[in-house]
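# Residue-level structure breakdown
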Amino acid sequence: MGRTSKKTLTGTALAVTAAAVAGGLGTDPRSPWYHRLRKPSWQPPRQAYGLVWTPLYATIAYASARTLSLGDERSRPALRRALAANLALNASIARRNPPGKG
C-alpha cells in the first residue's frame, strides 16, 4: 500500500477549499430567488449543510490526493483535469445566482 504525498494533499486541500469558499460566497439562501424555488418536503434544515458539506469536501481532498499519489505518471494529468472540472462545476453552480440577485 502506497503513501499519500503531503504535498499533493496540501494541493488538493487548497483547491477544494477554494471551490468551497467560492460556492459559499456565491450562495445566499435568504435570497428571493431561493425562496421562490419549489423545494421538497424532506429538505434538510440549513444547519445540516455545513455538517454534510465539510466532511464531503474533506473526503474529496483526501481521495483526490490519494488517487494522484498512487496513480501512475500517465494517468495523473487526466486525474488532475477531472478534479479541476469537478471543483469548477461545484463552484460555478452557486455562481448562477449570486447573492443580491433576486
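Residues numbered from 1 in each chain as written. Predicted model: local features only at pLDDT ≥ 70, side-chain atom pairs only at ≥ 80, totals over all residues. Heavy atoms only, no water.

Here we come to the overall build of the protein chain. When helices and strands are counted, the protein chain shows four helices and zero strands. Every one of the 102 residues in the protein chain was classed for burial, and the buried ones make up 23%. Long-range pairs, those at least 24 residues apart, make up 81% of the contacts in the protein chain between residues at least 6 apart in sequence. Accessible surface, the protein chain as shown: approximately 7600 Å² in total, 64% of it carbon and sulfur. (Helix = DSSP H or I, 4+ residues; strand = E, 2+ residues; numbered from the N terminus. Buried < 20%, exposed > 50% of the residue type's maximum accessible area, 1.4 Å probe, protein only. Contact = heavy atoms within 4.5 Å. Areas by Shrake-Rupley, 256 points an atom, 1.4 Å probe, with all protein chains shown as cover.)

Further remarks concern the confidence of the model for the protein chain. Per-residue confidence for the protein chain gives a mean pLDDT of 86; residues scoring 70 or more make up 89%. Here helix 2 (residues 32-36) is the element of the protein chain with the lowest mean pLDDT, 83, and helix 1 (residues 6-25) is the one with the highest, 92. (pLDDT = per-residue confidence, 0-100.)

Looking now at helix 1. With 20 residues, helix 1 should cover 28 Å at 1.5 Å per step; its first-to-last C-alpha distance of 28 Å lies within 8% of that length. Taken residue by residue, helix 1 has T12, V16, A19 and G23 as its buried positions. Looking straight down helix 1, one finds that the buried residues subtend no more than 55° of arc, so they occupy a single side. Summarising the geometry of helix 1, the exposed residues directed more than 90 degrees from the buried face are K6, K7, L14 and L25. Sitting at the head of helix 1, S5 places a side-chain oxygen 3.3 Å from the backbone nitrogen of K7. (Expected span 1.5 Å × (residues − 1). Arc of directions from axis to C-beta. Polar contact = N/O pair within 3.5 Å; in protein donor to acceptor, adjacent residues only side chain to side chain.)

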